[in-house]
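Reading the structure
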Amino acid sequence: MKHKLALAAAAVSVALAGCATSTDNGGNEGGGGGGDEPVTLRFQSLAFQETTIQATKDIVSAWNEENPDVQVEYVQGSWDSVQDQLVTQFQGGTAPDIIQYESAAMSQFAEQGYLADLSEHLSDEVMDAVSDDVWETVTYDDQVIAAPTLLQSYVVFANRQRLEQAGVEIPEGDTWSWDDFQAAAEATSAGGNNKFGLGWGLGDPTATMMSLGLNFGADYFEGEGEDVSIDVGEAELTLPERIHEMVYDDGSLDPVTLTQSGGDVMPGFLKGRYAMTVQGSYNAQTLSESAPEGLDWMVMPALEAESAAQAANPQTLSVSAQSEDVEGAAAFIDYYMQPENLAKVAMGDWLIPASSESADVILEETGGENGWDAILASGEHLTKAPFQSALSYPQWKDQIATPAFQRYLGDEISADELATQLTDGWESVSR
Amino acid sequence: MSIGRTTPLARTGQYLLLAAYVVFLGFPLLWLLSTALTSTRDISLGATSLIPTSPTFENFGDAVRRANLVEAGRNSLVVALAATGITVLLSLPAAYGLARFRTFLRPVTLGWVLISQVFPTILVIIPLFLILKQFRLVDSLPGLTIVHVVFMLPFSLWMMIGFVANIPVDLEEAGAMDGAGRLRILVSIVFPLLRPGVVATALFAFISSWNEFLFALVLIQSPEKVTLPLTLSRFVGAEGQVQLGALAAASLLATIPSLVFFALIQRRLTSGLLSGAVKG
Amino acid sequence: MTTTQMTSPPTPPVPPTPPDKAGARGRKPGRLKGDAWPLLLPALIPIALFSVYPLLQGIYLGFTDSRAGLNRVTHFTGVENYQDLMGNDLFWSSFRIGMIWAFSVTGLQFVAAMGLALLLHQDLRLRWLARTLSLVPWAMPPVVVAIMWRLMFDPNSGPISTTSQALGLGQLNLLGSFETALPAVIVVGVWSGMPHTTITLLAGLQGVDDSVHEAAAVDGAGAWRRFRHITLPELRPVIVAITSLNFVWNVNTFDLIYVLTNGGPGGRTMLPMLFAYNEAFRYGNFGTAAAMGNVMVVIIVGMLLFYLRSRLKETKA
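Residues numbered from 1 in each chain as written. Chains lettered and ligands numbered in written order. Predicted model: local features only at pLDDT ≥ 70, side-chain atom pairs only at ≥ 80, totals over all residues. Heavy atoms only, no water.

Here is the rule: UniProt positions are given in the numbering used here, feature names are shortened, and annotations may be inferred rather than shown by experiment.
As annotated in an unreviewed UniProt entry, chain C carries the name Transporter and comes from Nocardioides gansuensis. Looking at chain C in UniProt, the text filed under Subcellular location (unreviewed entry) is "Cell membrane". Database annotation for chain C, UniProt heading Sequence similarities (unreviewed entry): "Belongs to the binding-protein-dependent transport system permease family."

Chain B has the name Sugar ABC transporter permease in an unreviewed UniProt entry, where Nocardioides gansuensis is given as its organism. Recorded in UniProt for chain B, the comment headed Sequence similarities (unreviewed entry) runs: "Belongs to the binding-protein-dependent transport system permease family." The UniProt entry for chain B carries this comment under Subcellular location (unreviewed entry): "Cell membrane".

Take a look at the structure:
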C-alpha cells in the first residue's frame, strides 16, 4: 500500500511539474511571416449591423483573393464582451492577429506589451488621409498602436413636426447653441401626456460626458500614461448640471431614459413620445430603416457652447505583438483603410470615417441624404481628448465615473459630491 | 400535517396560496414564451400580451440566424454529453471504493465536497486558466469538458456514495459465496442496482454542464467554440439593438434540451428517489 | 436525525446525510477487504490536478502582485494586497451588497420554499403542477433565467411596467433605478433557488413521523403549534444544511447578475464575485482579485462556523 501511495504522489507531482506560477506568455513561436507557407490571420471584428458585417466580410474576401499567401479569417466579436475577452485572449496566448476595438481602451494593452507598432507598416496615403489629431489618439510611447477607422459623434435627432408644432425655429447654421437646444426641449415638452421634449439614453453616461463635455471645455485629465492627474472643476460639471437641470427643473428630459441605452430610447422617439433624442450618430441607421411613414426626422446641427468640440475616440484596428505575421496583418489594415473600403464600412455603421478621402466618397455616394451631411460635418469637431492618454481610464470609467454620474443624474448626490467622487476615485484606481 | 381536520376555510387558503406560487413560478415562463411568439414590431410598440394576438415564429428564425445557436448548441451538447459520460465513468468505481472500503480518503473526499462549495470560483479560475494554458487547453472544448468534469465530480461522488451504501453488502457477500468473482459481482449485482443512482448522477452532470457559464466565459474565446449560455449572454447586449423577441426565442431553444432531459427522468426521479430518499 | 436519511438527492444540491449514519442495515463502510486505490485514482487525479492544485495556487496568488502583461514577472508581496484592500471602498461596498443579497435571498428562499413544501405535502389537487413548476428553474441555465427576468422587468414592454402604466402609476424601470435594482435581482435570486430548497425541505417533511402529528392533533394542538413544536425541530438538521449551502452559493452568485444588471446601476448590484471577476479579467489585476477571494473565504467560513455552532447548541439545549 505504501509504495503505491508514493507512486500516486509521484504521478501527481510529475503532472504538476509543468505548471509554473508565472503568468508570462508563451505564444510567438511562428517567427516572421512572408515565408513560403501561406499564413492565416484571424481578424476579430466587432461589426454588429448586418450591413457592416457584410461590408467587412466583402473586404476580407477581396483581400484574400489578392493575397493568397496571407489569408485573413473573419472572426465575429462583440462590443459587450471585448474588454474581458481581450484580457483573457492576450493572457492565454490565443489573441487574434488583427484586433478591432477603440482607442481609449488600447493604451492599457499597449502598456502590457501586447500590441505591435504599426508606424513602419502603414502606407503614406493612409497616414496622410487621417488628421494628426486623430493619429495622436492611437499613439502610445511614440508607437502607433492602432489604425483609427471610424469615429462616432453625438448628434441630436429631432421630430420636425413636433418642433414646428411647438413653434421651435429650425436652426440653419452649422451649429446649434446649448441654450437654444434646452429651450427647444422645454418648448416641446409642455404638453403633459407623458410626452417629453427629450429622451437621452444615459444609462452608460461616461463616454457622453467625456465627449460632449468638451463643448464646455471639460478636459478632466492632464498628463499621459501613468502620470495623469484629474481636475473636476466648473467646466467639467457644466454638462452634468445642464442635464440635471433639464430633468429636475425644466421637466423636459424623461428621467426613465437616463437609465437606458440609446437603443432603448429609440422606440420612444419613433412613437413620437420624444421630440428629440441625443444619440450616437450610428442610430441614424435605425431611423432610416424603421422610422414609421409619418415621422419626419432630421439631424440637427452640432451642439455648441464654448466650442462644438467632441472627443475623438475612434474605433481602431491593432495587430497583436504575438502575431506570426505582423507585417501581413498591418498590410491588411492598410487595405481596410483604403478610402473605398473604409467608406463601405462607415456607411454600414453610419459612422464617420477617420480618413477624409473616405468621407468624400460617402458624401458623393449618398448625396448627403438621410442626415449624412450633418453627420459628416459633425466629424470636423472631433479632437483628441486627454482622457485617452490616461492608462487607468477604463477602470475609472467602469468603477468610478459611471456609478458617480448615474448617481448624480438620479439626483442622489450633489454636483460637489460628484466632483469629489470622480477625483478621489481616480486617485484610488490610478494608484 | 395532512391529517383530517382541515376546515374548508383553511383549504381555500391553501389553494389560494398554491395558486400564488404557481403564478410566481410559472408566469415568467409564460411571458418568455409569449415574447418569443411576438413580432419585433409589436414588442417595440409595447403590444406584448400574455396570449399573443398574432403569434409569429419569425423570432426563432432570427434567433438561429443571429445568435449562432446551431453551432453553440452543438458545442454545448458535445461538452455536456462528454462531461456527463466521463463524470459517471469516474465516479461509479470511485464511489464504490469509497463506500465499501475503509480508507482515509473517505473523510477527505467528503471534506473536499464541502470545501469546494465554500471557495469562490474566482479563486480557482485564475490559476486554472494559467494551468490549462500550459496544456494548450485554453479556448478548447476538451479543456472546458475537463473543467466541468472536475467540478462536478465531488458532488457526483457524494451522490453516488449514497446509492452504493444503500445496496446491502450481504447481496455481494452472497454472490461471493456462490463463487462469483469481484468483477462479476460488480457487473451483475451492484451495477444493475445502481441504475437509479447513475441516472440521477447523469442528470445532475448533464444539466450542470449544459447550464455552466463562468468557466465557459473565461476559457472560451473563439466564436466557433462558444457554448449556449455564452452566446446568449452576448446576444443580450448586442449594442442597443432591441431584439427582445429573438432573445426570448433563443433562450427558449437553449432551454429545451435540458428541459427534455429533465422531463424524461423527472417522474422516475421524484417517485423513485424521493421515496427512497426518505425511508431510512 | 436518522429519520431523514437522504441518501439519494432528487436534485444535486441536496446534502445527503453521510451514508455511514445508516448503520442499521449493516452498511458500515470498510467491510470489504482489499485495496481501494485503483478504483479511486482515475477520479482523484483530475480533481487534484485541476481543482485542488489550482485552489492552492489561487490562495497563493492572493499574496502576489500577479498582473496581466507580456512576460511579466510575478513577485511575492505578502500582505500588501490586503493592506490595499482595507482601503478599497469599492470592494467593501460590493461586499456589503453581497451580504445584503446573500442574507435576503437565503432567508426569502427558505420562507418561500418552506411554504411551498408544506403545501406540496398536503393532498391538494394541482400540486403536480406546482411541483413541476418548482423544479423547472433548476433545469434552466441561469443565463436564461436572467434573460427571462430582464423581459419581465423591461420598462417598455415588460408586464410589470405595462401594468403599472395601465394603473396610471407610470413607467417602472426596476432594474435601472437605484432603489429597486437590488430588491429586483433578489426576487430573481429567490425564484431561481426555489427548486433545490423546496425539494430538500419536502423530502425532510416526508421523513417526519406522521404518528407524532396524529397524537398531537388528538391532543388538540393546532396546525401552527404542531408545525412549531414537531415539524420544525424534526427538520432542524435539514434546515441548517440547506440554509448554509444556500448562503454559500448565494455569496458566490455570478451569472445571474452578470446578465441581469452587470453590477449596475451605479454599482448597486455589484456582487463581490462580479467585482473580483472584473478586477481579474477586465483590468488584469490577478493578484488583487485572488486576494479578494481569500478575504471572502475567511469571512464566509467564519460566518458559517458561527451559524453552525449556534444551531448545534440550540439542538442540544
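**Overview of the sheet that holds strand β6 (residues 147-148) of chain A**
Residues and elements named next belong to chain A. Applicable threshold: At least two bridges found by DSSP between two strands are what make those strands a pair. Secondary structure counts use DSSP, requiring at least four H or I residues in a row for a helix and at least two E residues in a row for a strand, with both numbered from the N terminus.
Strands sit in the order β2-β1-β3-β17-β6 across an open sheet of 5 strands; the sheet is mixed. This sheet does not close on itself; its edge strands, each paired only once, are β2 (70-76) and β6. The pairing of strand β3 (residues 98-102) with strand β17 (residues 315-319) spans 5 bridges and is classified as antiparallel. Residue I99 lies in a different strand from β17, and its bridge partner there is S318.

**Some points on the packing of helix α5 (residues 105-118) of chain B against helix α1 (residues 37-61) of chain C**
Quick note on the threshold: Here, axes are lines fitted to C-alpha atoms. For helices the fit covers the stretch in contact, and angles between N-to-C directions go from 0 to 180 degrees. By definition, turning the near helix anticlockwise from the far helix through less than a right angle yields a left-handed crossing, and turning it clockwise yields a right-handed one. Whether two residues are in contact is decided by their heavy atoms, any of which lying within 4.5 Å being enough.
Remark: α5 of chain B packs on α1 of chain C, axes separated minimally by 12 Å, with the N-to-C direction vectors making an angle of 35°. The way α5 of chain B lies across α1 of chain C gives a crossing that is left-handed. Judged by residue contacts, L105, W112 and I115 of chain B of α5 of chain B engage W37, L40, L44, I47, S51, V52 and L55 of chain C from α1 of chain C.

**Examining helix α6 (residues 121-134) of chain B**
Along an α-helix, residues three or four apart share an orientation, since each turn contains 3.6 residues. Residues and elements named next belong to chain B. Put simply, the test is: To estimate how far a helix should reach, multiply one less than its number of residues by 1.5 Å. Categorising residues by exposure relies on relative accessible area from a 1.4 Å probe, with only protein chains included: less than 20% of the type maximum marks a residue as buried, more than 50% marks it as exposed, and the intermediate range marks it as partly exposed.
An ideal rise of 1.5 Å per residue puts 20 Å on 14 residues; α6 measures up with 20 Å between its terminal C-alpha atoms. Every buried residue of α6 is listed here: I122, L123, V124, I125, I126, P127, L128, F129, L130, I131, L132 and K133. Residue R136 follows α6 closely and has a positive phi angle near 55°.

**Quick look at the sheet that holds strand β13 (residues 274-280) of chain A**
All names here are of chain A. With respect to topology, 4 strands assemble into an open sheet ordered β10-β13-β8-β14, the strand pairing being mixed. Of all the strands in the sheet, just β10 (196-200) and β14 (297-299) have a single pairing partner and so form its edges. Ignoring which end each strand starts from, the neighbouring axes of this sheet average 25° apart. Inspection of the sheet shows β10 paired to β13 by 4 bridges, in the parallel sense. Each residue of the ladder has a partner; that of F196, found in β13, is Y274. In the packing of helix α11 (residues 262-270) onto the sheet, contacts are made with β8 (154-159), β10, β13 and β14, and the angle to β13 comes to roughly 155°.

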